[in-house]
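# Survey of secondary and tertiary structure
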Amino acid sequence: MVAPRLTLDRLFNDTDAPVQPGSSNSDAVNPTRRAFLAGGCLCLACSFAGPVLADAPMAKSRAPGFYRLTVGDFEVTALSDGTNMLPATKLLRGDPARIENALKRDYLGDVVETSHNSFLVNTGAKLVLIDAGAGSLLGATTGQLVGNLRASGYRPEQVDELYLTHLHTDHVGGLMAGNDRVFPNAIVRVDKRDTDFWLSEASLRAAPAEARRFFEAAVASITPYMRAGKLAVFEGDTDLVPGVRAQAAYGHTPGHTMYVVESGCEKVVLWGDVVHVAAVQFKDPSVTIGYDGDASEAENVHRLAFADAAKNGYIVGGAHISFPGLGRVRHDAENVYTYVPLNYG
């Protein structure tokens, strides 16, 4: 039987290394080999030292959800409001086989964990928050915006302007905490088409029973700001503060809006709900979702937004693209769009 020492010497022996006088080949261990063996002994010692702590409780929490991006002289902070489980195959509208194949290609199932992202733009003169998250309206897995806003170094009362891409619950619910305005100093801006629709008593009465909660959430979230003189509506493409402008993207809702942020030669376009399931919709822009008010208009917005982003190479930000929801769009020779996330670092 060969002694263990000799076996290790043979495995790690450098046949070209000179043998020291008075030593045999089997006894000569070069410095590299010696360091390796010493390290191995230390690792073995570590594995037996002290008590085993396998019964430590699971943390069950994540790191604070914020991500910084410099845009010219501006700073954009992506803020996570959390995630929820989206029944993708049930809600997406398109060829079922193609949708399922696209999900499988990205190792996703029928139900997809979906990010809820908002974006804070610091222009140096103004602090602008785009979308307010769900607040308490969609359960415990969302409503994390304010905590992540604070973790990023800001307070809700510092927000000067709050721009809403649209008035769906997951974008407006965070405006209120009980009877209190979460952003007491902010002017809330939104396209008039959305306020005319979602705050309308006639629209509420005409809506199917299952959709009325969307109208009620919009009214409860927006009305306190309106009463405080803090609601300002705009119509279509509009300059809001220097470096930030609204760009109409109607379809998902009557007044759905993207926000363009530009400083120096750099540009970010914050899409709102242009994309809900990136694995499917970039490859097939014709796929819409059941939440789209006008599917035909929403599809047209997909095509225009994807084409412009791919042509011009600017960064896009999506409310429901995996956090931080920032990346670029590439268009290949086969006429297929691909989303390229920012190099997260």
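This one's a predicted model, so the numbers in the text were calculated from it and none came from an experiment.

Before going further, it helps to spend a moment on the overall build of the protein chain. Helices and strands together make up the secondary structure of the protein chain, namely 11 helices and 18 strands. A burial count over the protein chain gives 44% of its 345 residues as buried. In the protein chain, the proportion of contacts linking residues at least 24 apart, taken out of those at least 6 apart, comes to 65%. With an accessible surface of roughly 18,100 Å², the protein chain has 54% of that area assigned to carbon and sulfur atoms.

Look at helix α9 (residues 212–227): 22 Å from first C-alpha to last across 16 residues, which is about the 22 Å you get at 1.5 Å a residue. The largest bend along α9 measures about 25° and falls at Ser221, with the proline Pro224 one to four residues further on. Taken as a whole, α9 has its buried residues at Phe214, Phe215, Ala217, Ala218, Ser221, Ile222, Thr223 and Tyr225. Just downstream of α9, Gly229 is the residue with a positive phi angle, here 70°.

Time to look at the layout of surface pockets. Taken as a whole, the largest pocket encloses approximately 440 Å³ of empty space. At the level of secondary structure, the elements contributing two or more residues to the lining of the largest pocket comprise β4 (111–122), α10 (278–281) and β18 (337–341). Across the lining of the largest pocket, the residue classes break down as 15 nonpolar, seven polar and three charged.

Let us look at empty space enclosed by the protein. Regions of empty space are outlined by a rolling probe, equal in size to a water molecule, passed over the atoms. Applying the stated criterion across every chain, the model contains three cavities of 30 Å³ or more. Around the largest cavity sit Ala249, Tyr250, Gly251, His252, His256, Asp273, Val274, Asp292, Ala298, Val301 and His302, which together line it. A class-by-class count of the residues in the lining of the largest cavity yields five nonpolar, four polar and two charged.

Rules used in this analysis
- Residues numbered from 1 in each chain as written.
- Predicted model: local features only at pLDDT ≥ 70, side-chain atom pairs only at ≥ 80, totals over all residues.
- Heavy atoms only, no water.
- Helix = DSSP H or I, 4+ residues; strand = E, 2+ residues; numbered from the N terminus.
- Buried < 20%, exposed > 50% of the residue type's maximum accessible area, 1.4 Å probe, protein only.
- Contact = heavy atoms within 4.5 Å.
- Areas by Shrake-Rupley, 256 points an atom, 1.4 Å probe, with all protein chains shown as cover.
- Expected span 1.5 Å × (residues − 1).
- Bend = angle between axes of the 7 residues up to and from the residue.
- 1 Å grid on protein atoms, 1.4 Å probe; cavity = no way out; pocket = protein on both sides within 12 Å on 5 of 7 lines; lining within 4 Å.
- Points joined across faces, edges and corners; volume = space filled by probe spheres on them.
- Nonpolar A, V, L, I, M, F, W, Y, C, P; charged D, E, K, R; others polar.

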